[in-house]
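# Secondary and tertiary structure notes
One letter stands for each residue in the lines below.
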Amino acid sequence: MIAAASGGRRTTEDAGRGKHAGMHRRLCSLVCPAAMAFLIGLSFAAPAALAAKKDNSLRVAEYQVLDNADPYFNSVRIGVILSHQVWDTLIYRDPKTNQYKGQLATSWKWLDQKTLELELRKGVKFHNGASFDADDVVYTLNFVSKPENKATTQSNVDWIDHAEKLDPYRVRIVTRRPFPAAIEYLAGPIVIHPHEYYAQVGPQGMNQKPVGSGPYRVVEHAMGKYIRLVRNPDYFKDSRKPQPQIEKIELRFIPDRQTQVAEMLSGGLDFIKDVALDQAQQLRGVPNLQVVSAEIMRYAFLQMDSTERTLAPQLRDLRVRKAIMHAIDRQAMVTSIVGEVSRVLNVPCFPSQFGCSDEAAPRYAYDPAKSKQLLAEAGYPNGFDIDLYGYRERDQIEAIIGYLRAVGIRANLHYLQYAAFRDAVRAGKAPIAVWTWGSFSINDVSAGVSVFHKWQADDTGRDPEVRDLIERGDSVVDPQERKAAYAKALALIAERAYVLPLYSIPTFYVAAKDLVFTAYPDELPRFWEMRWQ
Amino acid sequence: MLGFTLKRLGLAVLVAVAVSAAAFLLLRASGDVATALAGEGARAGDIENIRRIYGLDRPLVVQYLDWIGKMAHGDFGQSLYFKTDVLALVRDKLPTTALLALFSLLFALAISIPLGIVAALHPNSWIDRACLALAVLGQALPNFFFALILILVFAVMLPVLPVSGSETWANFVLPSVALGYYVAPPFMRLARAGMIEVLASDYIRTARAKGLSGASIVLKHALVNALVPIVALAAVQLGFLLGGSVVIETVFALDGLGYLAYQSISHLDLPVTQAIVTLLSFIYVGLTLGADLVNAWLDPRIRVG
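Residues numbered from 1 in each chain as written. Chains lettered and ligands numbered in written order. Predicted model: local features only at pLDDT ≥ 70, side-chain atom pairs only at ≥ 80, totals over all residues.

### Overview of the overall build of chain A
Our working definition: For the purposes of this entry, the term helix denotes a DSSP run of H or I that reaches at least four residues, the term strand denotes a run of E that reaches at least two, and both are numbered from the N terminus. Here the C-beta atoms are placed from the backbone, and a residue counts as buried if at least 20 other C-beta atoms lie within 10 Å of its own, exposed if 12 or fewer do, and partly exposed otherwise. Contact definition: two residues whose C-beta atoms, as placed from backbone geometry, lie within 7 Å.
Check the secondary structure of chain A and you find 17 helices and 18 strands. Considering only C-alpha atoms, chain A reaches an extent of 105 × 75 × 45 Å along its principal axes. Among the 533 residues that make up chain A, the fraction classed as buried is 47%. Long-range pairs, those at least 24 residues apart, make up 71% of the contacts in chain A between residues at least 6 apart in sequence.

### A word on the interface of chain A and chain B
Accessible area lost when the parts come together is the quantity often used to give the size of an interface. Threshold: Each residue gets one label: Ala, Val, Leu, Ile, Met, Phe, Trp, Tyr, Cys and Pro are nonpolar, Asp, Glu, Lys and Arg are charged, and the others, such as Gly, are polar.
Each side of the interface is counted separately: chain A has 39 residues, and chain B has 40 residues. The class makeup of the residues in the side of chain A that touches chain B is 17 nonpolar, 15 polar and 7 charged.

### Thoughts on the packing of helix H8 (residues 257-265) of chain A against helix H7 (residues 143-157) of chain B
We count it as follows: Axis lines are fitted through C-alpha atoms, for helices just across the contact stretch, and the angle between N-to-C directions can take any value from 0 to 180 degrees. Any angle from 65 to 115 degrees is called roughly perpendicular, while one under 35 is roughly parallel, one over 145 is roughly antiparallel, and all others are oblique. Helix crossings are classified by the rotation of the near helix relative to the far one: an anticlockwise turn of less than a right angle makes the crossing left-handed, while a clockwise turn makes it right-handed.
Two elements in contact, H8(A) and H7(B), have axes separated by 10 Å at closest approach and are oriented at 10 degrees. In terms of orientation, H8(A) and H7(B) fall into the roughly parallel class. Between H8(A) and H7(B) the crossing geometry is right-handed. Listed contacts from H7(B) to A:Gln258, A:Thr259, A:Ala262 and A:Leu265 of H8(A) are B:Leu148, B:Ile151, B:Leu152, B:Ala155 and B:Val156.

### Quick notes on the environment of A:Leu166
All names here are of chain A. Within the secondary structure, Leu 166 sits in strand S6 (residues 160-167). By C-beta crowding, Leu 166 is classed as partly exposed, having 13 other C-beta atoms within 10 Å. On a C-alpha basis, the gap between Leu 166 and Leu 283 in space is 55 Å, while along the polypeptide they are 117 residues apart. For Leu 166, the residues in contact, after removing those within four places along its chain, are Val 171 and Arg 172.

### A word on the sheet that holds strand S7 (residues 170-175) of chain A
Hydrogen bonds between backbone atoms are what pair the strands of a sheet, whose relative direction is either parallel or antiparallel. Residues and elements named next belong to chain A. Filter applied, for reference: Two strands form a pair only when DSSP identifies at least two bridges running between them.
The sheet built from 4 strands is open, its strands ordered S4-S5-S7-S6 with antiparallel pairing. Strand pairing shows two members of the sheet lacking a second neighbour, strand S4 (105-112) and S6, which therefore form its edges. Strand-to-strand, the axes of this sheet are offset by a mean angle of 20 degrees, without reference to chain direction. The pairing of strand S5 (residues 115-120) with S7 spans 5 bridges and is classified as antiparallel. Of the residues in S7, the one forming a bridge with Glu 119 is Arg 170. The strands that helix H4 (residues 134-145) touches are S5, S6 and S7; relative to S6, the one it contacts most, it runs at about 165 degrees.

### Here we look at the domain arrangement of chain B
All names here are of chain B. Note the threshold: Domain start and end points were adopted from an automatic or database domain assignment.
Domain annotation of chain B identifies domain 1 (2-67) and domain 2 (86-304). Spacing between the C-alpha centres of domain 1 and domain 2 amounts to 31 Å. Residue-level contacts link 17 residues of domain 1 with 15 residues of domain 2. When contributions to the side of domain 1 that touches domain 2 are tallied by element, the ones reaching two or more residues are helix H1 (2-29) and helix H2 (33-38). Looking at the side of domain 1 that touches domain 2 element by element, the count peaks at 12 residues for H1. In the side of domain 1 that touches domain 2, the residues fall into 13 nonpolar, 3 polar and 1 charged.

### Re helix H11 (residues 330-338) of chain A
Residues and elements named next belong to chain A. Stated precisely, the cut-off is as follows: Comment: arc refers to directions from the helix axis out to C-beta atoms.
Of the residues making up H11, those classed as buried are Arg 330, Met 333, Val 334 and Val 338. Mapping the buried residues of H11 onto a view down its axis gives an arc of 100 degrees, with all of them on the same face. Looking at the buried positions of H11, the neighbouring elements they touch are helix H13 (394-406) and strand S16 (499-512). In the segment just after H11, Gly 339 is the residue with positive phi, at about 145 degrees.

### Describing the packing of helix H12 (residues 257-266) of chain B against helix H13 (residues 270-298) of chain B
Residue and element names in this part refer to chain B. Packing of H12 against H13 brings their axes to within 8 Å, and their N-to-C directions diverge by 140 degrees. Relative to H13, the element H12 lies oblique. Helix-helix and strand crossings are classified by hand; for H12 and H13 the assignment is left-handed. Of the residues in H13, those touching H12 at Leu 257, Leu 260, Ala 261, Ser 264 and Ile 265 are Val 272, Thr 273 and Ile 276. For the contact of H12 with H13, the residue count by class is 6 nonpolar, 2 polar and no charged.

### Things to note about the pairing of strand S10 (residues 248-253) of chain A
All names here are of chain A. With 6 bridges connecting them, strand S1 (residues 57-62) and S10 associate as parallel partners. From the neighbouring strand, Glu 62 faces S10, where its bridge partner is Phe 253. The pairing of strand S9 (residues 226-231) with S10 spans 5 bridges and is antiparallel. Bridge pairing in S10 places Ile 227 opposite Leu 251.

### Digging into the confidence of the model for chain A
Residues and elements named next belong to chain A. Using the following cut-off: The predictor's confidence in any single residue is recorded as pLDDT, a number from 0 to 100.
Here chain A averages 86 in pLDDT, and 90% of its residues register 70 or above. Of the regions scoring below 50 in pLDDT, residues 1-21 engages in 1 contact with residues more than four places distant in sequence or in other chains. Note that residues 31-47 has pLDDT below 50 and, in this model, 12 contacts with residues that lie over four places away or in other chains.

Have a look at this one:
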């Protein structure tokens, strides 16, 4: 052992000296080319983005996987986006003016409170060559409105009783009950499928090989990985959607947002959305990229359970609710953590939605002193403890908790997944719940206010007067009457402080610098309008 | 040997069944499936509709037994979210995860065995500590953090490798490094300990006395014997890698079983989550059983205990 050790030591020393010298040489020969490679690499940092621009293609990322490409059988945002690229609707809502124009239909009129008659456009072809006519409208609407066909979002289709063909280019749609928002729905989620193909392959076949009439057609759908679209060269010229300019689109599913950002930085992608505020701010400095912020229809609000079953009986006192309304500095939140294009709201709906009016609604200024005074009057001079539920934008919720604490309300946060959060609200377990609501991009108050104030499962106010007013707004067809009813309901909601409307939520898009695109409040990127500079 | 094998086999089956039952119960405890399936914006009516359609209103025991019975016939049901056959879905994604697990294991062995050998040759020296530190760093670094660092350096700053996706072999390099580095430390320590023990043994001293070169002694004679426990551990780690790739697959957008698990958990897609948990537990139990049996065969002392 000793012999071996000393022998080893001698050998090691000699070898060591030589080894070290060799090591230095080896290190240098390793580092220098590496440094060169680094510098060269940097200079080639954005070849991929240029490649996309050269072959007029667009690579987009999405974080939520699409379970089914058929718009009636998914409930994810990317499904909604895809539905407008690949399919068309009967009516088109101009995103700039919010006016309704004919798309696959050329005109329409209400025959009575429940019957809508439409004239259809001639000369439109589906991607598989089939011609569009009344049969397609009738088959699609009758198929998706039947509950046994299991359309995912029943509220998008259950207003349809049936559709009937009058002649090849005239149809009648009969609704189950007076449904004035029908026009908005026909301009949004109700897309038209080719009837022969759909009857043959059904939703599963439509998912694997989608066929529509829209500006882009699907050439490949690798579920969970990507969807590849190409421009539809035969897209009908009279369409309200301008003719598409970008030739190819690849939509890749990348679940991690950091990975999406990394891909943008390395030039692997040209367009991403829903970027977090802090990352968007950092990406502003990157030379190849542009960051665009847009206000979207999604709004946040704080719901208070003031019903008989509430776990926080103090919320049944109007003064306590008003105290909470005055406790939160929404403007400061908008300025510092929500984002520059968002705005404080006074009623729980998005300003562009039909029926959303805050004219008659009282305002609640930020006034913590008044909050404390109201709480003292209500018998809580030292505040109280309460449970608060939320499921997204945790930083904003933490800020809200901070403001509440400042007036003595000690909120205990329960931060859950959406499904669990919604269960808790419906089971009456959430005295305070912080929501955001996108209304499915439906530009009508019935897609928002009616969900939370009409005595349905998510209503934690249960005010009969509010319910009746909203019911009226939802069922009469005359627009003026609708507006009046909704305005009164919203004013009451504000007066009686059932919910605290917070602010609209902005979204951030990051794109390659040379991409020309417009961001709209309905969170719908319109690829057919985009082009490379 | 036969008695030992049968005992172990029975235990393995019990473990697998227990895991699947536990997963079944826990999955349902995390929120209402019908609500998750209906998605945001669904009304109460939509949710009840879905509850009826998918049989989620039946008693738990009935649902579980129904599921077990079908599984015995190879029917894992339909994915609630993708609306396709679960087994087909899992079979489609398994190759990607299997490849990732295999490459990660190979990478882990490729760095840990040399490190272990070097450490064993200079026990308790600074070299030994450095090797140990390098190996342990793999377990200390959260693997999503390490993955992002790798992406930053090798895909953004030096665009030599792709950031995400699973199209080519190059796509598997960074994920394998990220995942493999995480499982390297136990191999390294095992290699080091095994080598130290073997190097001190009589037959090595004989080899030295015979005048064989250092390299020949270490690699041909010592390493082979030190490898036996490593092979057994590798089998078990492979099972861990198959099940532990969720984060890496999500970060690198590799469409494998881990990514599928992440999606199905987020959507409370019960049949798929159940199938993945069950399948992985069976594989893990099978690999552990295999490792146990190999060890018992090699070392008869284990069979008695």
